[in-house]
Amino acid sequence: MAQISPMADVTRLPPSLWAVTAEEAFSGHALEGDHRFDIAIVGGGFTGLSAALHASQSGARVCVLEAGEPGWGASGRNGGQVIPGFKWDPDELVAKFGEDAGERLVTFAGSAPDLVFDLITRHDIQCAASREGWLQAVHTKKLVKAVELRAAQWQARGAPVNFVRVDEAYALTGSPAYVAALVEPRGGKLNPLSYARGLARAAASAGATISPTSPVTGLQQTGGNWVASTPTASIAADKVLLATNGYTDGLWPKLRQTLIPVASFIVATRPLSDNVRRTILPGGHVISDTRRLLTYSRLDEAG
Ligand SMILES: Cc1cc2nc3c(=O)[nH]c(=O)nc-3n(C[C@H](O)[C@H](O)[C@H](O)COP(=O)(O)OP(=O)(O)OC[C@H]3O[C@@H](n4cnc5c(N)ncnc54)[C@H](O)[C@@H]3O)c2cc1C
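What you see is a predicted model; the values in this text were computed from it and never measured.

Draft legend 1. Local environment of the pattern of salt bridges. Within the structure shown, the criterion is met by 15 salt bridges. Asp100 serves as the salt-bridge partner of Arg104, at 3.4 Å between the closest nitrogen and oxygen. Here the residue Arg104 and the residue Asp100 both occupy positions in helix H4 (residues 99-122), the gap between them amounting to four residues, near one helical turn. For Glu184, the salt bridge goes to Arg186, with nearest N and O atoms at 2.6 Å. Summarising the burial analysis for this pair, Glu184 and Arg186 share the class buried. Put simply, Asp91, Glu103 and Arg157 are held in one network by salt bridges that share partners.

What follows is the structure in structure tokens.
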């Protein structure tokens, strides 16, 4: 029987800036006994919770089975930067996937922040959200042309993207380390743990059952039915969605085989002093740079 990775202590939320500053945790209790749903979703991060919200709104009976609490995984511990776009530039997507699918992917990626901020407004999710934009800061002269082209590709599709050179990059970032920057006004920021908790509340209001402290330890298909087992419940469902991301364990071994663990870290400083804060990201942008192993930063509400 599959086990949650021994690395993962789902009984507590790891300490972080977000754990201290987020809105109240979603309160719910683990499902007990036998249940039946149209869709059983394993994993209560952005993926599982958003799927639960949208499927419930379409009339499906949905449950989310989360080993810890909603937002326990990467969704409650990330940079909270809302960034349009994929790793690949628009023209690369079209070259890879063809005109039709490629352009649809470009539209999807470019409008993803609209979806996020729209959900926040529609469901009144309190998550310190603001939308002042994203900067992609260019760390080496070698990449100036490529980023300028990136901006041009978005502009050709009507996106409000800008490309700025060294002086303006300095003014926007507060750092002399960058030689240029892409300015993406569609981006923004939020408190990711609050956002995940808000998504959980929105999904529950739409009729979804959110079951925390419910690690799925077994998954069987019998006839046309799936049965997911937790330590306290047995859940039958027509469909199962595995939204377990980097915490995917042996529950579905072939999915586990597709993942390679990579450690990633975020550091929070004390709030900046007022005079420093006036110069660092004065326009409220979030920033990531063009390094292959990129660095990224932002201010939270406390600076
Ligand atoms: C350090 C870091 C910084 C990042 N910064 C950003 C950023 O600034 N902007 C951005 O857009 N993205 C960022 N990301 C990426 C983003 O966090 C993820 O893409 C997103 O959170 C994935 O959500 P998810 O729901 O797929 O997975 P997760 O949030 O990881 O959720 C998976 C859930 O599945 C649960 N689970 C696993 N197995 C089981 C089981 N058997 N039974 C029940 N539950 C189970 C886990 O407990 C977990 O809660 C960052 C990621 C990291 C690690």
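Draft legend 2. Structural context of the site of the ligand. The local shell around the ligand holds 30 residues, among which Thr47, Glu66, Ser75, Gln81 and Val216 are the closest. Ala67 is positioned such that a nitrogen or oxygen atom in its backbone is 3.0 Å from a nitrogen atom of the ligand. One of the backbone N or O atoms of Val216 is found 2.9 Å from a nitrogen atom in the ligand. Look at the ligand: alone it shows 1000 Å² of surface, and the protein chains cover 79% of it. Considering only residue class, the shell around the ligand consists of 14 nonpolar, 14 polar and two charged.

Draft legend 3. Just the packing of aromatic side chains, in detail. Scanning the model with the defined rule gives four aromatic pairs in all. For the pair Trp226 and Trp252, a centre-to-centre distance of 5.7 Å together with 70 degrees between the ring planes defines the contact as edge-to-face. You can see Trp226 sitting in strand S10 (residues 225-229) and its partner Trp252 sitting in the loop between strand S11 (233-242) and helix H8 (253-256), a full 26 residues away along the chain. If you follow Arg77 out to its NZ or CZ, it ends over the ring of Trp72, 4.6 Å from the centre.

Draft legend 4. Looking closely at the sheet that holds S10. Read across the open sheet, the six strands follow the order S8-S2-S1-S11-S10-S9; overall the sheet is mixed. The strands lining the two open edges of the sheet, one partner per strand, are strand S8 (209-211) and strand S9 (218-222). The mean inter-strand angle of the sheet, taken between neighbouring strand axes irrespective of direction, is 40 degrees. Bridge count between strand S1 (residues 33-42) and S11: nine bridges; the pairing is parallel. Following the sheet pairing, His35 is matched in S11 by Ile235.

The rules behind the values
Residues numbered from 1 in each chain as written. Predicted model: local features only at pLDDT ≥ 70, side-chain atom pairs only at ≥ 80, totals over all residues. Heavy atoms only, no water. Salt bridge = Lys/Arg side-chain N within 4 Å of Asp/Glu carboxyl O. Helix = DSSP H or I, 4+ residues; strand = E, 2+ residues; numbered from the N terminus. Buried < 20%, exposed > 50% of the residue type's maximum accessible area, 1.4 Å probe, protein only. Near = heavy atom within 4 Å. Polar contact = N/O pair within 3.5 Å; in protein donor to acceptor, adjacent residues only side chain to side chain. Areas by Shrake-Rupley, 256 points an atom, 1.4 Å probe, with all protein chains shown as cover. Nonpolar A, V, L, I, M, F, W, Y, C, P; charged D, E, K, R; others polar. Phe/Tyr/Trp six-rings, centres within 6.5 Å; stacked < 30°, edge-to-face > 60°. Lys NZ or Arg CZ within 6 Å of the ring centre and 35° of its normal. Pairing = 2+ DSSP bridges. Axes fitted to C-alpha atoms, helices over the stretch in contact; angles between N-to-C directions.

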